[in-house]
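What follows is the residue order along each chain.
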Amino acid sequence: ATYVIPILKTSMVGVGKLLRWGGLGMTYVAGVYGGMLYLQTKNAKDVTDSDRLDTWNKIADNYDNDIDEEERSTGVMGKRMELMAHAFGDVLEVGVGTARNLPFYPRGLQSLTLLDRSEDMLKVAKDAVEKHIAAQSSSTQQTKAFLAVVDTKEDDINSKLRINDSGSKDEGNTTVPITRVSFVPTATEGLPFQNESFDSVVDTFGLCSYDDPIKALNEMFRVTRSGGKILLLEHGMSHTVAPMTWYLSWRAKCHAESWGCWWNRDIKGVVEEAVNEYNTRSDSEHDNNNSTISISVSSVYHLGTGYFYILEKVAHQEQQE
């Protein structure tokens, strides 16, 4: 015992010193990192819509590699999968980026139209679709989607690639549904489609990027058919955790400069305002059947910064019944 007590005292002194030095080291690192964030934020420049478009084109080639692990580890991939299960019929995906939702679309879609303002992003999306088709044609297993790439101006797809259940190429007719895929390089705020052209309209992490998100949503509502759905997965300010919103706002310019999006937008307010604007417009402004938009599913995640919406377009006659 006479030897143990001095050893313990010596050990405790060593542990105490280690903790003190460790604490000082952590404080120093935190101070340096905080100082860097402060200077970066203080010197952040104003980001124009043109700047953000340049950013999207610049980051397009490496975008998937840069965010793939983060989306997997934070559960965003699972949210994409959950949302895409509700897509059906003729589908329009706006702000498609690099087509990160592609693996999660269900089989049997009538058509898939992929739209983005950034032509460089859309080029990566087209490469992703072509790789998906190549994987299908070489696979011996059933795949989730059966795709045929067509030009945006081409209506006849009879001569295009068809893929059957076994994954082999088939130039003739097949009982497996073929999804026609087209690409449109334009902004969501001015969709070049007639009223009620699609059964499903998909937007994932796009409302943070549009110049006018409310106008973009109203365009999505306009081109959705009665009985169709608008599927949204977004991120923005938190209505439940104030410090998160403060941080997002503090770093907003830096994030917009790096990624081209405003991650502190009030997504809840944007969606509710767009729905109210669409539902209260005059009869002359409405599309063919005076339909309205209802929010059927609304949930948040990631401390209130993530938003999951399923909106439905209901015809006026259906409401009265």
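For the structure, see preceding data.
(A) A look at the packing of aromatic side chains. Counting across every chain of the model gives seven aromatic pairs. Between Trp 246 and Trp 250, the aromatic rings sit 5.5 Å apart at their centres with planes inclined by 15°, giving stacked as the arrangement. Of this pair, Trp 246 and Trp 250 both sit in helix α7 (residues 242-250), four residues apart, roughly one helical turn. Residue classification places Trp 246 among the exposed residues on the basis of a relative accessible area of 55%. Look at Trp 250 and you get partly exposed, because its relative accessible area is 29%. An angle of 5° between the planes, with centres 6.4 Å apart, marks the rings of Tyr 307 and Tyr 309 as stacked. Overall, Tyr 307 belongs to the buried group, its relative accessible area being 2%. Given a relative accessible area of 3%, Tyr 309 falls into the buried group.

(B) Region of interest: the nonpolar core. Ranked by size, the top nonpolar core spans 28 residues in total, and within it Leu 92, Leu 217, Met 220, Phe 221, Leu 232, Val 271 and Leu 311 carry the most contacts. The set of elements that each furnish at least two residues to this core consists of β1 (90-94), β5 (198-204), α6 (213-223), β6 (224-235), α9 (267-279) and β8 (306-314). Leave out the neighbours within four places in its chain, and Leu 217 touches Leu 207, Leu 232, Val 270, Val 271 and Ala 274. If you look at the next biggest cluster of nonpolar residues, it comprises 27 residues, including Met 77, Tyr 105, Val 202 and Ile 310.

(C) Up close: the side chain of Thr 188. Turning to its location among the elements, Thr 188 is positioned in the loop between β4 (179-185) and β5. Taking relative accessible area as the criterion, Thr 188 reaches 2% and is therefore assigned buried. When neighbours within four sequence positions are excluded, Thr 188 is seen to be in contact with Val 94, Gly 95, Leu 115, Tyr 210, Ala 216, Glu 219 and Met 220.

(D) Highlighting the pattern of salt bridges. Within the structure shown, the criterion is met by 14 salt bridges. Of the charged contacts, one joins Arg 100 and Asp 68 as a salt bridge, the two residues approaching to 3.1 Å between their closest N and O atoms. Within this pair, whereas Arg 100 is found in the loop between β1 and β2 (111-116), its partner Asp 68 is found in helix α3 (residues 63-73), the two being separated by 32 residues in sequence. Assessed through its relative accessible area of 23%, Asp 68 is described here as partly exposed. A salt bridge links Asp 127 to Lys 123; its shortest N-O distance comes to 3.7 Å. Here the residue Asp 127 and the residue Lys 123 both occupy positions in helix α5 (residues 119-138), the gap between them amounting to four residues, near one helical turn. The exposure class assigned to Asp 127 is partly exposed, which follows from its relative accessible area of 30%. Accessibility expressed as a relative area gives 54% for Lys 123, which makes it exposed. Through salt bridges with shared partners, a single ionic network connects Asp 64, Asp 68, Glu 71, Arg 72, Arg 80 and Arg 100.

(E) Region of interest: helix α2 (residues 49-59). Where α2 is concerned, the buried positions are Arg 52, Thr 55, Trp 56 and Ile 59. Burial along α2 is one-sided: seen end-on, the buried residues are contained in an arc of 100°.

(F) Expanded view of the environment of His 302. Structurally, His 302 is set in the loop between β7 (292-301) and β8. The sequence separation of His 302 and Ser 238 amounts to 64 residues, and the corresponding C-alpha distance is 8.9 Å. In this structure His 302 touches Thr 74 and Val 76, once residues within four positions along its chain are discounted.

(G) Highlighting the packing of α3 against helix α4 (residues 76-84). For the pair α3 and α4, interaxial distance at closest approach is 5 Å and the crossing angle is 80°. Between α3 and α4, the crossing angle belongs to the class labelled roughly perpendicular. Packed against α3, whose contacting residues are Asp 68, Glu 71 and Arg 72, the element α4 presents Val 76, Met 77 and Arg 80 at the interface. Taken together, the residues of the contact of α3 with α4 sort by class into two nonpolar, no polar and four charged.

(H) Quick peek at the pairing of β4. Summarising burial for β4: five of the seven residues are buried, a large majority. Inspection of the sheet shows β2 paired to β4 by six bridges, in the parallel sense. Within β4, the position partnered with Leu 112 by the bridge is Val 181.

(I) Just unusual backbone geometry, in detail. The backbone of Ala 99 sits at a positive phi, close to 65°, despite the residue not being glycine. When you line up the elements, Ala 99 lands in the loop between β1 and β2. Owing to a relative accessible area of 7%, Ala 99 belongs among the buried residues under this scheme. If you check the backbone angles, Phe 205 has positive phi at about 55° while not being a glycine.

(J) The pairing of β7, seen in detail. Examined bridge by bridge, β7 and β8 share nine bridges and lie antiparallel to one another. Its bridge partner being in β8, Ile 293 is matched across the sheet by Lys 313. Between β7 and β8, which pair antiparallel and follow one another directly, the connecting turn spans four residues, one of which, His 302, has a positive phi of 55°.

Rules used throughout
- Residues numbered from 1 in each chain as written.
- Predicted model: local features only at pLDDT ≥ 70, side-chain atom pairs only at ≥ 80, totals over all residues.
- Heavy atoms only, no water.
- Phe/Tyr/Trp six-rings, centres within 6.5 Å; stacked < 30°, edge-to-face > 60°.
- Helix = DSSP H or I, 4+ residues; strand = E, 2+ residues; numbered from the N terminus.
- Buried < 20%, exposed > 50% of the residue type's maximum accessible area, 1.4 Å probe, protein only.
- Core = buried A, V, L, I, M, F, W, Y, C linked by side-chain atoms within 4.5 Å.
- Contact = heavy atoms within 4.5 Å.
- Salt bridge = Lys/Arg side-chain N within 4 Å of Asp/Glu carboxyl O.
- Arc of directions from axis to C-beta.
- Axes fitted to C-alpha atoms, helices over the stretch in contact; angles between N-to-C directions.
- Parallel < 35°, antiparallel > 145°, perpendicular 65-115°, else oblique.
- Nonpolar A, V, L, I, M, F, W, Y, C, P; charged D, E, K, R; others polar.
- Pairing = 2+ DSSP bridges.

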